[in-house]
Amino acid sequence: MTANASTESEFFFARAGLQQLIDVLRTRGYKVVGPTIDQGAIIYDEIASVDQLPQGWTDQQEPGQYRLERRNDEAWFGYVVGPHSWKRYLFPPLATVSVADKTAAGWQMTSSPDPSPKYAFLGVRACELAAIKIQDRVFLGGAYVDPIYRDRREQAFVIAVNCTMAGTNCFCTSMNTGPRCRTGFDLALTELPDGFLIEVGSDSGSEIVRELQARVAELAESQAAEQARLQAELQITKKLDTTDIRNLLLTNLEHPRWADVATRCLSCTNCTMVCPTCFCTSVSEVSDLQGDHVERHRQWDSCFNLDFSYMNGGNVRNDIRSRYRQWLTHKLASWIDQFGSSGCVGCGRCITWCPVAIDLTVEVAAIRGETP
Amino acid sequence: MSSTDPSLAEELCNLQFASGWSDGVVTELAAISKYVEFAAGTIIFTQGAENHDLFLLSAGRVGLDMYVPARGAVRILTLSRGELLAWSALVGDGHMTATATALEPVRAIAIDGARLLDLCDRRHDIGYRVMKRLAWALSHRLVATRLQLLDLYSHTTPHVLQSPVERR
Amino acid sequence: MNLSPLMTHAHAAVADNPWLSQTVRIESITAEIPEVATYELAFVDPVLAARYRFLPGQFNMLYLPGVGEVAISISANPNSRERWAHTIRVAGTVTQSLSRLQPGATLGLRGPYGNPWPLADCLGKDVILVAGGIGLAPLRPVIYELLANRAKYGNVTLLLGARTPEGLLYPGEYTDWQAGGIEIESTVDRASSEWTGNVGVVTLLIDRLPLPRPDQTVLLMCGPEVMMHFTVKSARKRGLADKQIWLSSERNMQCAVGLCGHCQLGPTFVCKDGPVFRYDHIAPFLKVEGL
Ligand SMILES: Cc1cc2nc3c(=O)[nH]c(=O)nc-3n(C[C@H](O)[C@H](O)[C@H](O)COP(=O)(O)OP(=O)(O)OC[C@H]3O[C@@H](n4cnc5c(N)ncnc54)[C@H](O)[C@@H]3O)c2cc1C
Ligand code: SF4
Ligand code: SF4
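Residues numbered from 1 in each chain as written. Chains lettered and ligands numbered in written order. Predicted model: local features only at pLDDT ≥ 70, side-chain atom pairs only at ≥ 80, totals over all residues. Heavy atoms only, no water.

1. Looking at the overall build of chain A
- Secondary structure assignment for chain A yields 13 helices and 16 strands.
- Relative to the 2.2 N^0.38 estimate, which gives 21 Å for 372 residues, the radius of gyration of chain A is 22 Å and therefore close to what a compact globule would have.
- Considering only C-alpha atoms, chain A reaches an extent of 65 × 65 × 35 Å along its principal axes.
- Taking all 372 residues of chain A together, 60% fall into the buried category.
- Here the analysis covers contacts within chain A between residues at least 6 apart in sequence; of these, 71% occur between residues at least 24 apart. (Helix = DSSP H or I, 4+ residues; strand = E, 2+ residues; numbered from the N terminus. Rg over C-alpha atoms; globule rule 2.2 N^0.38 Å. Buried < 20%, exposed > 50% of the residue type's maximum accessible area, 1.4 Å probe, protein only. Contact = heavy atoms within 4.5 Å.)

See below:
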């Protein structure tokens, strides 16, 4: 389903309409997840009220830095992206993939008992829509489908919110993923000083709009929204040159830059945890005291962990050099072979949350021979 | 030797040792070589003994053993057609580093080490070819020995390979 | 719902849960060489049992609840029905626990997974199988297939490498295999002087092999990566091109279906793009240390 960007399908509702939207979704049984402030960062959590939104706050980001600051207005969505991404809800950090019970007839295995919550995501950015599309391809696009992701994904209602500002670490324009939300949403909002412009992206989206006190948008409102979105685009300064990037990286597996970045990287896994597309997991056994009831727990893992590549007797990627190389070449190069697109959407999270300010765009430029 | 056996010169080429060399050179080499045969079980030479021939195996397998006190003979390698035996006759001091046993009826070309060295000294073009052949054979043997040393099929990883301190 | 078109398609294609194991029972256990035993398994559910098929080179995930899950190649005749064999070496946690089980015990199984050996490419060709240690296990189904349709293939040679003579796998079957028209050469790394077989690395066997038509020869190998690396070198010297060489590879595996990320080797997932690869497809990545 693609969003029809023509003005006919654009609606407008006043600021009070946002609470109404949350209420409508909750009445329909959705758990509404949206941005909220926790421990000095804007994260995604279940919300019931607009009061929980980070109204009047923005995020100031630099490589290795994240700080909340007051805005000089009362915008609800006046920030870019924080340490969370929606993968936390579609692809939970911890899930039970199967259960085994010892019976008289031996071990019996059953599917995950975990419930599949029905989520409505409020405030999904363009780069995050792209990230969801990438994870769709990983978990649903191959011969084997991940049932946990599928069940959550099928039920999810996606409300995108266009960026009206950009962060220092954003480079969605290089990755062709933003800042404009174009597809992959049920509704897309653009925040204006006195309300929201709404685009409808699906039938269930228009059903919800019908329940709101929304009216067809006026030309001036559409233009103001376009202006606001343009402002975000103009603020983006970071670039990643993706020209022939797959071959660039895969033919430079012995480039000295890998050893260089290894002297800085702590192998802390932060970048993989915050990345909205990273999908590596490990499975562990959790049994009751008798050992007759066993659950298989799947947990987010990271290629930066030493034992990630463990094979009886040793680890394949024994040094940080090979682990950083694995991460970057997977994300920006092998991903193209595997899933038909880059694994990076240009959200900048890995740059912001790296404790030592490693910036993948700089690393790629160095391998390209453009060290600043 | 039956009449269908290839001539020494032919066999030196068949065995790759002298393949591609000019007829003249091969003839000179054949002149200092002879066929030798060993019945299965024959000890061709023993570790530490003097031996002055370089052998090029033409048929049959030879086992190379090294004697380890209190452990007995340990088989290091077996050699087959086309492979060189007793290279220390040429580049060592003539004392053999291992014991060679014919595991099957063995036929070989024995090249007189002293005369070969003399030929190499007189004719550096031949010397270069012979030494190149020898170097190739020895480097090949070295790689094979390293692989054996790695103990690839061992169930426990040798500690030397796995540093307890993570490399950065 | 705004699902990408991919999603509905994939959903229709496979509705099963790839994480779910089925119950199998150990029918028999045969001790092979030290630390290695062959387990015959069968599904408890007769419907699954009747349906189960695999191709030579594929593997299963064997699951011991509470202990863990391991990838194990299928070592049985591909025509076997109802039950099939896995040859397993005691390595660590899971394989150790497995070795303590008795016939009749149950465990979980998912599979078969992975790409098979290229038997169609071997038709009419000379075939060299190179196996190091337990690496013979994934090649055994190929041997059974070659024996069953021996006339369809040219010369077949099996080159075996092991640490010691006692480490040569399935010794009881060699006579049958030879009688069926497979040439066998073996070599070991260590032996006493009583051993009359070969001593030395398996690559030396390739150097010595009569290779009447190298361009019509296919080489399939499985063993330690270093062994395979040097096998390729020897095979190249004998005139085989990289595209005539196939190998079965190994990486940590948690899901076996391309969802967990562990088994990546360059752009490939060993579980679903392998474990059997054509050498030229994987060579640029296999040779890079720590990839
Ligand atoms: C495609 C494939 C086919 C295989 N076929 C066979 C076979 O036929 N016979 C056989 O004996 N072995 C086979 N192996 C190797 C076997 O999977 C490992 O020996 C086994 O996983 C070790 O598990 P463990 O719990 O006993 O050892 P531990 O050292 O305790 O390992 C802990 C866990 O790490 C993972 N792991 C460790 N080693 C490996 C490894 N080499 N490969 C993948 N995951 C690993 C497993 O999840 C394992 O449970 C195969 C591996 C792969 C990838
Ligand atoms: S690699 Fe970094 S910039 Fe790219 S999507 Fe992941 S977190 Fe965002
Ligand atoms: S790149 Fe940065 S965030 Fe990623 S593992 Fe290294 S130190 Fe941690």
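Having put the structure on the table, let's press on.
2. Observations concerning the interface of chain C and chain A
- Chain C puts 54 residues into the contact, and the matching count from chain A is 65 residues.
- In this assembly, chain C packs against chain A so that about 4,900 Å² is buried in total across both faces, 57% of it on carbon and sulfur atoms.
- Linking chain C with chain A are one salt bridge, by the criterion used here.
- Linking Glu 69 of chain C and Arg 296 of chain A is a salt bridge whose minimum nitrogen-to-oxygen distance equals 2.8 Å. (Buried area = accessible area lost by both parts, 1.4 Å probe. Salt bridge = Lys/Arg side-chain N within 4 Å of Asp/Glu carboxyl O.)

3. Remarks on the site of ligand 1
- Surveying the vicinity of ligand 1 reveals 24 residues, the closest of which are Tyr 310 of chain A together with Ala 71, Thr 93, Thr 95 and Glu 250 of chain C.
- Mapping the residues adjacent to ligand 1 onto the chains of the assembly identifies chains A and C.
- Within the side chain of Glu 250 of chain C, a nitrogen or oxygen atom sits 2.6 Å from a nitrogen atom of ligand 1.
- The protein chains hide 90% of the 830 Å² of surface that ligand 1 would expose on its own.
- Mapped onto the shell around ligand 1, the elements with two or more residues apiece are strand 15 (310-311) of chain A together with strand 4 (68-73), strand 5 (83-89) and helix 3 (93-99) of chain C.
- Broken down by element, the shell around ligand 1 gets its largest block of residues, five residues, from strand 4 of chain C. (Near = heavy atom within 4 Å. Polar contact = N/O pair within 3.5 Å; in protein donor to acceptor, adjacent residues only side chain to side chain. Areas by Shrake-Rupley, 256 points an atom, 1.4 Å probe, with all protein chains shown as cover.)

4. Some details on the domain arrangement of chain A
All names here are of chain A.
- According to the domain assignment, chain A contains domain 1 (10-235) and domain 2 (245-367).
- When each unit is reduced to the centre of its C-alpha atoms, the spacing between domain 1 and domain 2 is 25 Å.
- Counting residues at the interface gives 45 residues for domain 1 and 38 residues for domain 2.
- Surface buried jointly by domain 1 and domain 2 totals about 3,400 Å² across both partners, of which 60% is contributed by carbon and sulfur atoms.
- At the junction of domain 1 and domain 2, the tally comes to two salt bridges.
- One salt bridge in this structure joins Arg 349 and Glu 128, with 2.4 Å as the shortest N-O distance.
- Summed over the shared surface of domain 1 and domain 2, the result is 27 residue pairs in polar contact (both at pLDDT 80 or more).
- Of all the elements in the fold, those that place two or more residues in the side of domain 1 that touches domain 2 are strand 3 (41-46), strand 4 (57-62), strand 5 (65-70), helix 2 (87-90), strand 6 (94-103), helix 3 (126-140) and helix 5 (172-175).
- Considered class by class, the residues forming the side of domain 1 that touches domain 2 number 26 nonpolar, 11 polar and eight charged. (Domains from an automatic or database assignment. Nonpolar A, V, L, I, M, F, W, Y, C, P; charged D, E, K, R; others polar.)

5. What about the pairing of strand 4 of chain A?
Residues and elements named next belong to chain A.
- Of the strand pairs in this sheet, strand 4 and strand 5 are connected by six bridges, and their pairing is antiparallel. Bridge pairing links Trp 57 to Arg 70 in strand 5.
- The loop that links strand 4 with its antiparallel partner strand 5 comprises two residues; one of these, Gly 64, has a positive phi angle of about 75°. (Pairing = 2+ DSSP bridges.)

6. Regarding the nonpolar core
- If you look at the biggest cluster of nonpolar residues, it comprises 112 residues, and the most contacted ones within it are Phe 121, Tyr 324, Trp 327, Leu 332 and Leu 360 of chain A together with Val 130 and Leu 219 of chain C.
- Those residues within four positions of Tyr 324 of chain A in sequence are excluded, and the remaining contacts are Trp 258, Val 261, Cys 265, Phe 304, Ile 358, Leu 360 and Glu 363 of chain A.
- Core analysis: the second largest hydrophobic core is formed by 35 residues, Leu 139, Tyr 170, Ile 182 and Val 276 of chain C among them. (Core = buried A, V, L, I, M, F, W, Y, C linked by side-chain atoms within 4.5 Å.)

7. Observations regarding the packing of helix 4 (residues 113-122) of chain B against helix 5 (residues 124-150) of chain B
Residue and element names in this part refer to chain B.
- Interhelical geometry of helix 4 versus helix 5 gives an angle of 125° and a closest axis separation of 5 Å. Put simply, helix 4 runs oblique to helix 5. Each of Leu 116, Leu 117, Leu 119, Cys 120, Asp 121 and Arg 122 in helix 4 lies in contact with helix 5, whose residues at this interface are His 124, Ile 126, Gly 127, Val 130 and Met 131.
- Residue classes in the contact of helix 4 with helix 5 are distributed as seven nonpolar, two polar and two charged. (Axes fitted to C-alpha atoms, helices over the stretch in contact; angles between N-to-C directions. Parallel < 35°, antiparallel > 145°, perpendicular 65-115°, else oblique.)

8. Structural notes on the sheet that holds strand 3 (residues 53-59) of chain B
All names here are of chain B.
- Here four strands make up an open sheet; going across it, the order is 1-8-3-6 and the pairing antiparallel. Each edge of the sheet is formed by a strand with only one pairing partner; in this case those strands are strand 1 (33-38) and strand 6 (84-85).
- Where strand 3 lies against strand 6, two bridges are found, and the strand directions are antiparallel. The residue of strand 6 that forms the bridge with Phe 55 is Leu 85.

9. Section: the confidence of the model for chain A
- Overall, the prediction assigns chain A a mean pLDDT of 93, with 97% of residues at 70 or greater.
- In this model residues 1-7 of chain A is a low-confidence stretch, pLDDT under 50, and it forms 16 contacts with partners more than four residues away in sequence or in other chains. (pLDDT = per-residue confidence, 0-100.)

10. Topic: the pattern of salt bridges
All names here are of chain A.
- The full count for this structure, using the stated rule, is 42 salt bridges over all chains.
- Among the salt bridges present, the one from Arg 67 reaches Glu 69, with a minimum N-O distance of 3.0 Å.
- Judged by its relative accessible area of 42%, Arg 67 is partly exposed.
- For Arg 257, the salt bridge is made with Glu 363, and the minimal N-O distance between the two is 2.8 Å. Taken together, the residues span a long stretch of sequence, with Arg 257 in helix 9 (residues 256-264) and Glu 363 in helix 13 (residues 360-367) at a distance of 106 residues. For the pair shown, Arg 257 and Glu 363 are each scored as buried.
- Counted as one network, the salt bridges with shared partners bring together Arg 180, Glu 199, Glu 226 and Arg 229.

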